[in-house]
Amino acid sequence: MTVTELRIPGCLLIVPDHSEDERGTFVKTYHEPTWQSLGLRTDWVEEYYSISHQGVLRGLHCQLPPSDHVKVVSCLSGRAFDVVVELRKGSPLYGKTISLVLDAAQPSLVYIPAGLAHGFYTMSPEATVAYRVTSVYDPEHDAGILWSSVDIAWPAASPIVSARDAALPPLSQFKSAFVYRQEAS
């Protein structure tokens, strides 16, 4: 497993150990002792996935305190343009983004600390994106920012978005409840 810290503190790109042979590919996405030795959270309480059609944009979502969570995302099939946005007050990178392509053919995971919004755009005919989180979904603390209100070079100018996502406030109107701490995780 290789771990690379991305531009936003605490946000990591994890390339898991994997092997390929004539049968296909085997990927080890999680090994608790290794994650603990790296100081990463391992107290997962919920895991789910979405299957999205090409042109769909999901996000930019977060859970507010006290239901905020660390999230790990990976693309299990297809390709997704993945984005995180720094929302922690006091961060020198507040409002800044990271974007990368998650491709099932090149296994990788993004470790996203609490206080960041997450979203993705489906680049392939279909993509399955898996999520693992450290808090149970809480609709009362569900939040996010409008996908088009942040400086992101999305692959399409007019993606397919849900009514909920289209109604999220722009970043300029988002009242962040997150606080940046030097050693965020």
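Residues numbered from 1 in each chain as written. Predicted model: local features only at pLDDT ≥ 70, side-chain atom pairs only at ≥ 80, totals over all residues. Heavy atoms only, no water.

Colleague: Give a description of the sheet that holds strand 12 (residues 126–133) that names residues and reports values.
Modeller: Strand-to-strand pairing in sheets goes through backbone hydrogen bonds, with the strands running parallel or antiparallel. On the basis of which strands lie adjacent, the open sheet formed by six strands has the order 1-2-10-7-12-5 and antiparallel pairing. A strand with exactly one partner marks an edge of an open sheet, and here the two such strands are strand 1 (2–5) and strand 5 (46–53). Across the sheet, the mean angle from the axis of one strand to that of its neighbour is 20 degrees, orientation sign disregarded. (Pairing = 2+ DSSP bridges. Helix = DSSP H or I, 4+ residues; strand = E, 2+ residues; numbered from the N terminus. Axes fitted to C-alpha atoms, helices over the stretch in contact; angles between N-to-C directions.)

Colleague: I'd love a proper account of the nonpolar core, names of residues and values included.
Modeller: Most often, soluble globular proteins have nonpolar side chains that are buried together. By size, the foremost hydrophobic cluster in this structure holds 19 residues, and its most contacted members are Leu-60, Val-85, Leu-87, Ile-145, Ile-152 and Trp-154. Of all the secondary-structure elements, those providing two or more residues to this core are strand 6 (57–63), strand 8 (79–86) and strand 11 (116–122). Judged by nonpolar contacts, the second largest core, of 17 residues, contains Leu-6, Cys-75, Ala-80 and Ala-127. (Core = buried A, V, L, I, M, F, W, Y, C linked by side-chain atoms within 4.5 Å. Buried < 20%, exposed > 50% of the residue type's maximum accessible area, 1.4 Å probe, protein only.)

Colleague: Describe in detail the state of the cysteines, supporting the description with residues and values.
Modeller: Counted according to the given criterion, the structure contains zero disulfides. The cysteine Cys-75 is free of any disulfide, with Cys-11 supplying the nearest cysteine sulfur at 16 Å. Its relative accessible area of 8% is what places Cys-75 among the buried residues. (Disulfide = S-S within 2.5 Å.)

Colleague: Describe in detail the environment of Tyr-94, supporting the description with residues and values.
Modeller: For Tyr-94, the location among the structural elements is in the loop between strand 8 and strand 9 (97–103). Residues within four places of Tyr-94 in sequence aside, it is in contact with Glu-86, Leu-87, Arg-88, Lys-89, Leu-171, Phe-174 and Ser-176. (Contact = heavy atoms within 4.5 Å.)

Colleague: Which residues make up the environment of Ile-98, and what values go with them?
Modeller: Tracing the backbone shows Ile-98 in strand 9. The spatial distance from the C-alpha of Ile-98 to the C-alpha of Asp-82 is 8.1 Å, given a sequence separation of 16 residues. What Ile-98 contacts, discounting residues up to four positions off in sequence, is Leu-6, Arg-7, Ile-8, Cys-11, Asp-82, Val-83 and Val-84.

Colleague: I'd love a proper account of unusual backbone geometry, names of residues and values included.
Modeller: Put simply, Gly-59 and Leu-60 share a cis peptide bond, and its omega is 10 degrees. Take Leu-60: it is sitting in strand 6. The omega torsion of the bond from Pro-65 to Pro-66 falls at 5 degrees, within 30 degrees of zero and hence cis.

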